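Next come the chains, spelled out residue by residue.
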Amino acid sequence: DGGLEAAREFVLRHVAGELAAGAGAAALPLTDFKSALQEAARARGLPNPRYTVIGESGPSHARTFTVEARVTGSLSSQAESYSKKSASQQAARLLLERLPEPDS
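Model, not experiment: these values are computed from the prediction.

1. Considerations on the overall build of the protein chain
Assigned secondary structure in the protein chain consists of 3 helices and 3 strands. Counting from the amino terminus, the protein chain carries its helices and strands in the arrangement α-α-β-β-β-α. Scored against the burial criterion, the 104 residues of the protein chain give a buried share of 28%.

What follows is the structure in structure tokens.
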């Protein structure tokens, strides 16, 4: 109702701020967790993350995908979403939270 700039301000103030606070990592990108995970893995001397679709369910018009993000044999996470892209991003976000701190 107030135009594009008013909508942008609302999203930044009420949605993006809550997402960053909920993730517990305000410095992380809000939408590109896959890139953030790749950079974090590289900083820790770990291999690049691998993403695998490990499940699909539901009718063709309402598919749900389960994706696993894996850095090493013991460092992995899974997420489920309506698209492979969204599930991959969510799995990357979850795995970022589990990565050990980099060596200083």
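Resuming the write-up.
2. Some thoughts on the packing of aromatic side chains
Applying the stated rule across the entire model yields 0 aromatic pairs. Over the face of the ring belonging to Y51 we find K34, whose NZ or CZ atom lies 4.6 Å from the ring centre.

3. Topic: the confidence of the model for the protein chain
Detail in the predicted coordinates should be disregarded across regions flagged by low pLDDT. When pLDDT is averaged along the protein chain, the result is 83, and 77% of the positions lie at 70 or above. Summarising per-element confidence for the protein chain, the mean pLDDT is lowest in helix 1 (residues 4-23) (63) and highest in strand 2 (residues 64-70) (97).

4. A look at the environment of A69
Mapped onto the secondary structure, A69 falls in strand 2. What makes A69 buried here is its relative accessible area of 0%. Residues A69 and L37, spaced 32 residues apart in sequence, show a C-alpha to C-alpha distance of 9.6 Å. Residues in contact with A69, not counting those within four places in the same chain, are R50, Y51, L75, S76, S77, A91, A92 and L95.

5. Section: helix 2 (residues 33-43)
Regarding helix 2, the residues found buried are F33, A36, L37, A40 and A41. Looking straight down helix 2, one finds its buried side chains confined to an arc of 135 degrees; they lie on one side. Away from its buried face by more than 90 degrees, helix 2 exposes E39 and R42. Tucked inside the fold, the buried residues of helix 2 contact strand 1 (50-57) and helix 3 (84-98).

6. Observations regarding the side chain of E68
Checked against the element boundaries, E68 lands in strand 2. Within polar-contact distance, the side chain of E68 engages the side chain of R70 at 3.0 Å.

7. Digging into the sheet that holds strand 2
Pairing between the strands of a sheet comes from backbone hydrogen bonds, and it takes one of two forms, parallel or antiparallel. If you trace the 3 strands from one edge of the open sheet to the other, you get 1-2-3, paired in antiparallel fashion. Among the strands making up the open sheet, the edge pair consists of strand 1 and strand 3 (76-81). Across the sheet, the mean angle from the axis of one strand to that of its neighbour is 20 degrees, orientation sign disregarded. Summarising the sheet, strand 2 and strand 3 pair through 6 bridges and their orientation is antiparallel. Within strand 3, the position partnered with T66 by the bridge is E80. The sheet strands contacting helix 3 are strand 1, strand 2 and strand 3, and the helix crosses strand 3 at an angle near 145 degrees.

Thresholds, definitions, all that
Residue indices follow the written sequence of each chain, beginning from 1 at its first position. Two thresholds apply to this predicted model, a pLDDT of at least 70 for residue-level local features and 80 or more for giving and counting side-chain atom pairs, whereas whole-chain, interface and lining totals are computed over all residues. Note that water and hydrogens are dropped before the side-chain values are worked out from all heavy atoms of the structure. The secondary structure listing takes helices from DSSP runs of H or I that are at least 4 residues long and strands from runs of E that are at least 2 residues long, numbered from the N terminus. Each residue gets one of three labels from its accessible area relative to the maximum for its type: buried under 20%, exposed over 50%, partly exposed in between, using a 1.4 Å probe on protein chains only. Note on ring pairs: Phe, Tyr and Trp rings are taken, using the six-membered ring of Trp, and paired if centres are within 6.5 Å. Classes follow the plane angle, with under 30 degrees stacked, over 60 edge-to-face and the rest tilted. Both a distance and an angle decide whether a charge sits over a ring: NZ of Lys or CZ of Arg must be within 6 Å of the ring centre and within 35 degrees of the ring normal. The predictor's confidence in any single residue is recorded as pLDDT, a number from 0 to 100. In this analysis, two residues are considered to be in contact whenever any of their non-hydrogen atoms come within 4.5 Å of each other. In this description, one arc is meant: the one made by directions from the helix axis to the C-beta atoms. Between N or O atoms, a polar contact is any pair within 3.5 Å; within protein, one atom must be a potential hydrogen donor and the other a potential acceptor, and residues adjacent in sequence are included only when both atoms are from side chains. Two strands are said to pair when DSSP picks up at least two bridges between them. Note on definitions: angles span 0 to 180 degrees between N-to-C directions of axes, and those axes are lines fitted to C-alpha atoms, for helices only across the stretch in contact.

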